[in-house]
Amino acid sequence: GAGVSQSPSNKVTEKGKDVELRCDPISGHTALYWYRQSLGQGLEFLIYFQGNSAPDKSGLPSDRFSAERTGGSVSTLTIQRTQQEDSAVYLCASSLRDRGSYNEQFFGPGTRLTVL
Amino acid sequence: AQTVTQSQPEMSVQEAETVTLSCTYDTSESDYYLFWYKQPPSRQMILVIRQEAYKQQNATENRFSVNFQKAAKSFSLKISDSQLGDAAMYFCAYRRGKETSGSRLTFGEGTQLTVNP
């Protein structure tokens, strides 16, 4: 079946503009994660959604970052008033559920964001 | 908070030889998982191998195996008979146990592996 998809693949924007990044998880996966990978660094957690529960936003670096998940499926990560330090690859992952037996997180190909 | 450390930013190996990538972690929990992910230039994160902390036996997946030293909080990846397709960035990652919700992955900084023909 189809894996996790993300769009756009690459996004170039000017400082101060807003951007939206989209993630389509694997069908039936109730858990969804966003991670950020800055140049030459590992991935850092941003936000997590599980079903209809309130999202865990503890990893969002500032209030310019927000995310939604509509209908328990597609998720959108929004960055307002982008700054150059927001330049990174934004990765989305989904899993069947988040507790109980181990459930692998499947990653999308990411969106490379460049803020000029 | 959990931390994961990879002290080798870059490693290289000759094709068909064996290489070991190092990873250490810090946690106060007893129930957790450890992973090695591979990220080729396509950016797609691929799970290579996982280890449950409660299992004493080291995990193996074909040419990939781990050396899990729980007391030392060490989790190294051994790649045998290295192939050109193994060239990638490798990340060590930690996840809290199965009965914990919101189990995000905590990643190390990565090791860039080059395979020389």
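Here, the structure is the one placed above.
Here the structure is a predicted model, which is why all the values come from computation and not from measurement.

(A) Seen up close, the interface of chain B and chain A. Contacts between the two partners involve 23 residues from chain B and, on the opposite side, 27 residues from chain A. Note on chain B versus chain A: buried area summed over both sides is about 2,100 Å², and carbon and sulfur give 48% of it. Three residues stand out in chain B for area buried against chain A, namely Arg43, Arg104 and Phe107 of chain B, and they jointly supply 31% of the buried area on that side. The interface formed by chain B and chain A contains one salt bridge. Here Arg104 of chain B and Asp56 of chain A are joined by a salt bridge, their closest N and O atoms 2.7 Å apart. At the surface where chain B touches chain A, the tally comes to eight residue pairs in polar contact (both at pLDDT 80 or more). Taken together, the elements giving at least two residues each to the side of chain B that touches chain A come down to β5 (32-39), β6 (46-52) and β10 (88-96) of chain B. At four residues, the largest contribution of residues to the side of chain B that touches chain A is made by β5 of chain B.

(B) Expanded view of the nonpolar core. All names here are of chain B. With 25 residues, the main nonpolar core has Tyr25, Trp36, Phe75, Leu77 and Tyr90 as its most contacted residues. No other element matches the four residues that β10 contributes to this core. Apart from residues no more than four positions distant in its own chain, Phe75 is found in contact with Ser22, Cys23, Tyr25, Leu34, Phe35, Trp36, Gln51, Val66, Asn67, Phe68 and Cys92.

(C) Inspection of the side chain of Thr111 of chain B at higher detail. Residue and element names in this part refer to chain B. With respect to the helices and strands, the residue Thr111 is situated in strand β12 (residues 111-116). Thr111 gets classed as buried once you look at its relative accessible area, which sits at 0%. A distance of 3.3 Å separates a polar atom in the side chain of Thr111 from a polar atom in the side chain of Gln6. Not counting residues within four places of it along the chain, the set of residues in contact with Thr111 comprises Gln6, Gln8, Pro9, Glu10, Met11, Leu21, Ala88, Met89 and Tyr90.

(D) Focus on the pattern of salt bridges. Residues and elements named next belong to chain B. Summed over all chains, the structure comprises nine salt bridges over all chains. Residues Glu29 and Arg96 are paired through a salt bridge, measuring 2.8 Å at the closest nitrogen-oxygen approach. Separated by 67 residues along the polypeptide, Glu29 in the loop between β4 (24-26) and β5 and Arg96 in strand β10 bring together distant segments of the chain. A relative accessible area of 25% means that Glu29 is categorised as partly exposed. Residue class for Arg96 comes out partly exposed when judged on its relative accessible area of 32%. Between Glu52 and Arg50 there is a salt bridge, with the nearest N and O atoms lying 3.3 Å from each other. For Glu52, a relative accessible area of 9% translates into the label buried. Overall, Arg50 belongs to the partly exposed group, its relative accessible area being 32%. Ionic contacts of the salt-bridge type, sharing partners, join the residues Arg50, Glu52 and Lys55 into one network.

(E) Molecular detail of the sheet that holds strand β7 (residues 75-79) of chain A. Residues and elements named next belong to chain A. Strands sit in the order β1-β3-β7-β6 across an open sheet of four strands; the sheet is antiparallel. Only two strands of the sheet have a single neighbouring strand rather than two, namely β1 (5-7) and β6 (65-69). Adjacent strand axes in the sheet meet at a mean angle of 15°, parallel and antiparallel pairs treated alike. As judged from the five bridges shared by strand β3 (residues 19-24) and β7, these two strands associate in the antiparallel manner. Following the sheet pairing, Val19 is matched in β7 by Ile79.

(F) Spotlight on the packing of aromatic side chains. Here the structure, examined in full by the defined rule, presents 16 aromatic pairs over all chains. Both rings, one in Phe107 of chain A and one in Phe107 of chain B, keep their centres 6.3 Å apart while their planes meet at 75°; by these two values the pair is edge-to-face. A residue pair is termed interchain when its members come from two chains, as with Phe107 of chain A in strand β9 (residues 106-107) and Phe107 of chain B in strand β11 (residues 106-107). On the numbers, 6.0 Å between centres and 40° between planes, the contact of Phe35 of chain B with Tyr37 of chain B is tilted. The residues Phe35 of chain B and Tyr37 of chain B share a single accessibility class, namely buried. One aromatic cluster is present, built from ring pairs that chain together Tyr33, Tyr35, Phe45, Tyr48 and Phe107 of chain A together with Tyr33, Phe35, Tyr37, Phe91 and Phe107 of chain B. We note Arg104 of chain B situated over the ring of Phe45 of chain A; from NZ or CZ to the ring centre the distance is 3.9 Å.

Conventions we followed
Residues numbered from 1 in each chain as written. Chains lettered and ligands numbered in written order. Predicted model: local features only at pLDDT ≥ 70, side-chain atom pairs only at ≥ 80, totals over all residues. Heavy atoms only, no water. Contact = heavy atoms within 4.5 Å. Buried area = accessible area lost by both parts, 1.4 Å probe. Salt bridge = Lys/Arg side-chain N within 4 Å of Asp/Glu carboxyl O. Polar contact = N/O pair within 3.5 Å; in protein donor to acceptor, adjacent residues only side chain to side chain. Helix = DSSP H or I, 4+ residues; strand = E, 2+ residues; numbered from the N terminus. Core = buried A, V, L, I, M, F, W, Y, C linked by side-chain atoms within 4.5 Å. Buried < 20%, exposed > 50% of the residue type's maximum accessible area, 1.4 Å probe, protein only. Pairing = 2+ DSSP bridges. Axes fitted to C-alpha atoms, helices over the stretch in contact; angles between N-to-C directions. Phe/Tyr/Trp six-rings, centres within 6.5 Å; stacked < 30°, edge-to-face > 60°. Lys NZ or Arg CZ within 6 Å of the ring centre and 35° of its normal.

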